[in-house]
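Architecture at a glance
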Amino acid sequence: MRVIRLVRHARTRQPVLVLCEADGRRCLPVFLRQPQADVVAVGRRRPADPPLPQDVLVPVLRGLGHRLDGAEITALADGEFSADLVLDGGTRVAVLPSDALAVAVREGLAIGVADEILDAVGQPVDDLFPAGSDAPPERQLEEFRDFLDDVSPDDFDR
């Protein structure tokens, strides 16, 4: 999955991170908590950046002899996602989806989403972005705002 855009839901004002499959067929809007959305908005960590709270995780894991490989949205139950951070050797640590995505974006890690989640609630890219996910950001944002005007977190409770 790749990050397409971080936007704000029109009615609730909640931040929404839009993920898209690598082939560009389906998108997944994920509602975030504000502190994690702020981290996502800052983007990938650079050496000169002042450290954020999420930045302590990788050095701690490295000190313990592990490597952080990615984040995965693993389940959807009662309208709420579950997520794991995936470490070397396949070890998984359950975390809040907002935290998993913030760490993945900050560290430039792979983001995975279980196929059954995309099958259940993934949105065709063409429905959200008629001009395509590679359209100019202003056009993407306009199209996605139109989509967000009619969606709520309850829409993912199927």
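Coordinates for the structure precede this section.
These numbers were taken from a predicted model, which means no experiment stands behind them.

Moving on, we get to the pattern of salt bridges. Throughout the structure, instances matching the rule amount to 12 salt bridges. Across the pair Arg33 and Asp99 runs a salt bridge, and its minimum N-O distance is 3.1 Å. With Arg33 in the loop between β3 (26-31) and α1 (34-42) and Asp99 in helix α3 (residues 97-107), this residue pair connects regions lying 66 residues apart in the sequence. Judged by its relative accessible area of 37%, Arg33 falls in the partly exposed class. Taking relative accessible area as the criterion, Asp99 reaches 23% and is therefore assigned partly exposed. Connected through salt bridges with shared partners, the residues Arg45, Arg46, Asp49, Asp55, Arg106 and Glu107 form a single ionic network.

The nonpolar side chains of a soluble globular protein tend to be buried with one another. Of all hydrophobic cores here, the largest spans 30 residues; its most connected members are Leu28, Leu68, Leu101 and Ile117. Looking at this core, the element that brings in the most residues is α3, giving six residues. When sequence neighbours within four positions are dropped, the list of residues in contact with Leu28 reads Met1, Leu17, Val18, Leu19, Phe81, Val113, Ile117, Leu118 and Val121. Counting seven residues, the second-largest nonpolar core is a separate cluster that includes Val18, Val125, Leu128 and Phe129.

This brings us to the pairing of strand β2 (residues 15-20). By the criterion of burial, β2 is predominantly enclosed, with six of the six residues buried. Going residue by residue along β2, you find Pro15, Leu17 and Leu19 tucked away on one face and Val16, Val18 and Cys20 tucked away on the opposite face as well. For β2 and β3, the ladder comprises five bridges, and the chain directions are antiparallel. Residue pairing in the sheet places Val16 in a bridge with Phe31 of β3.

One pass over the structure, following the stated rule, counts zero disulfides. With no disulfide of its own, Cys20 lies closest to Cys27 among cysteine sulfurs, the gap being 3.9 Å.

Parameters at a glance
- Residues numbered from 1 in each chain as written.
- Predicted model: local features only at pLDDT ≥ 70, side-chain atom pairs only at ≥ 80, totals over all residues.
- Heavy atoms only, no water.
- Salt bridge = Lys/Arg side-chain N within 4 Å of Asp/Glu carboxyl O.
- Helix = DSSP H or I, 4+ residues; strand = E, 2+ residues; numbered from the N terminus.
- Buried < 20%, exposed > 50% of the residue type's maximum accessible area, 1.4 Å probe, protein only.
- Core = buried A, V, L, I, M, F, W, Y, C linked by side-chain atoms within 4.5 Å.
- Contact = heavy atoms within 4.5 Å.
- Pairing = 2+ DSSP bridges.
- Disulfide = S-S within 2.5 Å.

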